[in-house]
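A closer look at the structure
Listed here are the chains, written in short residue letters.
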Amino acid sequence: KNNNFRKRRYNKKKNKSKYLIKSFSSIFLSLIFLYMQIQFEDSKETKEIQETKETKEIKEIKENLIHKIHIAINTDNNYVYPYIVFLTSLLDNRAEYTYYIIHVVCNNYFSKNNIDKIKTLVDNFGKNSSEVVFHNIGDDFRKATITIFGRATYYKIALPSLLPDVDRIIYIDGDSLNLKDLTEMYNIKFKKDMYISAVLDRVSMIKEIEEFGIKINKYVNAGVLLMDLKTMREKSIEKKLRDFVDTHYLKTVDQTAINAICNNNTQILPYKYVVPPLSSYEELIKYNNGQESMYRVSESELYQAYHDPTIIHFFGPYKLWNKNFNHFYRPYWWYYAKKSGFYNEILNHFRYDINTVEDLLKQIPSDGGLLKNKYKKSKLI
């Protein structure tokens, strides 16, 4: 009996020891697991903090690299399709770190349908890289001279007060094509006392120019302007322009006002930024030679400007969408019309047969010409 009792007692102790060992092992393993889990969570949290920090730093670097550029356009319901083509060319040629803020100045009558078209265009081409802001100017400039250009041409005069937080802006007419990023042009330095930069224009209304004391050798086109809005506000230039517009009959509308009031404070924009609508390089040479010696540029600069322009502005009566205007830039306008997403609407609006336009597009050289490799890349033909 005693032996059996001792044996049972021994087995009981043995089982208890096994249980304790097992329990301690389990606790030990749990502690190790808990420790490892804490280490893993700490490591994960540290990694997330590190990644968040790196992401934030990268974001900050990218934000510093982004070039925010303010662009202004004036439009009404009659000119929306030319501006759709222009905006397509603007957004299609944007550099990676350029961010366009497009200010559309319009009136009460600018339709919601046209607003939606421009919004759709900017969303499709400039998502996360551009934005569009609409400014309703109401029934402003009621006293201004109205010609074939319409009232909207005056809206650029209101930009200093319309955009109180914007220091500089590029204004561009809708009868233009944009073939390059505008960062370089946007950052042109203004010389002392200068607040507008524009390209020289041909002088046609000599009597009007002389009447208002405008320097003939420095007569500029108002269709593409780099404007120092901050300085214009400081010098109350908008008020001076508005007073002039309200009290004079102007054959060349806002352009006359800008030349009359700002002529002494305007610096000449190089041809490489804005090329006049000339039919040949030889004509551009004549155009350049006809300017005062102080404004003439070298032939090498002229050659570069003509063959690699930033903006082509078709000021004058003939436009790229006119059927009787066989300019060699015309196919490029239709290239962007086709790329805009509103191709059929534009064809119908200007009453073009699609086959006529397709034939025009085939005139673009196989290497893309001015568009270089972009045309081949798009595979439109």
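Let us look at the structure shown here. This one's a predicted model, so the numbers in the text were calculated from it and none came from an experiment.

Re the overall build of the protein chain
- Regarding its fold elements, the protein chain presents 15 helices and 10 strands.
- Within the span of the protein chain, comprising 381 residues, buried residues form 47% of the whole.
- Long-range contacts, defined here as pairs at least 24 residues apart, represent 76% of the contacts in the protein chain between residues at least 6 apart.
- Accessible surface, the protein chain: about 21,300 Å² in total, of which carbon and sulfur atoms supply 51%.

Structural notes on the nonpolar core
- With 109 residues, the main nonpolar core has Ile102, Phe141, Leu182, Met185, Trp333, Trp334 and Ile346 as its most contacted residues.
- The leading source of residues in this core is helix 2 (residues 80–92), at 9 residues.
- Setting aside chain neighbours within four positions, we find Leu182 in contact with Ile69, Ile71, Leu90, Tyr100, Ile170, Ile172, Thr310 and Ile311.

Thoughts on the packing of aromatic side chains
- Counting across every chain of the model gives 21 aromatic pairs.
- With a centroid separation of 6.3 Å and an interplanar angle of 75°, the aromatic rings of Tyr83 and Phe86 are classed as edge-to-face. Of this pair, Tyr83 and Phe86 both sit in helix 2, separated by 3 residues, roughly a single helical turn.
- Taking relative accessible area as the criterion, Tyr83 reaches 2% and is therefore assigned buried.
- The class for Phe86 is buried, based on a relative accessible area of 0%.

Some words on the sheet that holds strand 9 (residues 274–275)
- With mixed pairing, 3 strands are arranged side by side in an open sheet as 5-10-9. Both edges of this open sheet fall to strand 5 (176–178) and strand 9, since each of them pairs with a single strand only.
- Where strand 5 and strand 10 (residues 311–313) come together, 3 bridges link them in antiparallel fashion. Residue Leu177 lies in a different strand from strand 10, and its bridge partner there is Ile312.

How each quantity is defined
Residues numbered from 1 in each chain as written. Predicted model: local features only at pLDDT ≥ 70, side-chain atom pairs only at ≥ 80, totals over all residues. Heavy atoms only, no water. Helix = DSSP H or I, 4+ residues; strand = E, 2+ residues; numbered from the N terminus. Buried < 20%, exposed > 50% of the residue type's maximum accessible area, 1.4 Å probe, protein only. Contact = heavy atoms within 4.5 Å. Areas by Shrake-Rupley, 256 points an atom, 1.4 Å probe, with all protein chains shown as cover. Core = buried A, V, L, I, M, F, W, Y, C linked by side-chain atoms within 4.5 Å. Phe/Tyr/Trp six-rings, centres within 6.5 Å; stacked < 30°, edge-to-face > 60°. Pairing = 2+ DSSP bridges.

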